[in-house]
Amino acid sequence: MLMKMNLQPCQRCQARVALRYRVQLDATHTWVLVCSACQAQVSQGNPHYRYGGTWKARRRRKTPDS
Ligand SMILES: [Zn+2]
């Protein structure tokens, strides 16, 4: 059975990824979802950088018929 991956665009480079990192990049303290490459870049020497965990594309679970 094929699993449909729900790929979401990185909000910084627009790359479509299955796993995004929830981070804050600046003084506005806005949460953005970025790919791992961007996460590594924006964390370098960024005083506003804050990590809020990963954000996985969630699979829809089929509820079994009873
Ligand atoms: Zn990115």
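Higher on the page you've got the structure.
Residues numbered from 1 in each chain as written. Predicted model: local features only at pLDDT ≥ 70, side-chain atom pairs only at ≥ 80, totals over all residues.

**Student:** Outline the sheet that holds strand β5 (residues 50-56), listing residues and values.
**Tutor:** Pairing in this open sheet of three strands is antiparallel, and the strands run β4-β3-β5 from one edge to the other. A strand with exactly one partner marks an edge of an open sheet, and here the two such strands are β4 (31-34) and β5. For this sheet, the mean angle separating the axes of adjacent strands, direction not counted, is 25°. Pairing of strand β3 (residues 19-24) with β4 involves four bridges; the strand directions are antiparallel. Each residue of the ladder has a partner; that of Q24, found in β4, is W31. (Pairing = 2+ DSSP bridges. Helix = DSSP H or I, 4+ residues; strand = E, 2+ residues; numbered from the N terminus. Axes fitted to C-alpha atoms, helices over the stretch in contact; angles between N-to-C directions.)

**Student:** Give me unusual backbone geometry: which residues, what numbers.
**Tutor:** Even without a glycine there, the phi angle at Q14 is positive, about 70°. As for its position among the elements, Q14 is in the loop between β1 (8-9) and β2 (16-17). The phi torsion at H29 lies on the positive side, around 55°, for a residue other than glycine. Looking at the element boundaries, H29 is found in the loop between β3 and β4.

**Student:** Can you break down the nonpolar core residue by residue, with the values?
**Tutor:** Counting residues in hydrophobic clusters, the biggest one holds eight residues: V17, Y21, V23, L25, L33, V34, C35 and C38. Listed by contribution, the elements that provide at least two residues to this core are β3 and β4. (Core = buried A, V, L, I, M, F, W, Y, C linked by C-beta atoms within 7 Å. Buried ≥ 20, exposed ≤ 12 C-beta atoms within 10 Å, placed from the backbone.)

**Student:** An account of the pairing of β5 is requested, with residue identities and associated values reported.
**Tutor:** Where burial is concerned, little of β5 is hidden: zero out of the seven residues are buried. Sheet analysis places β3 next to β5, joined by five bridges and oriented antiparallel. If you follow Q24 over to β5, its bridge partner there is R50.

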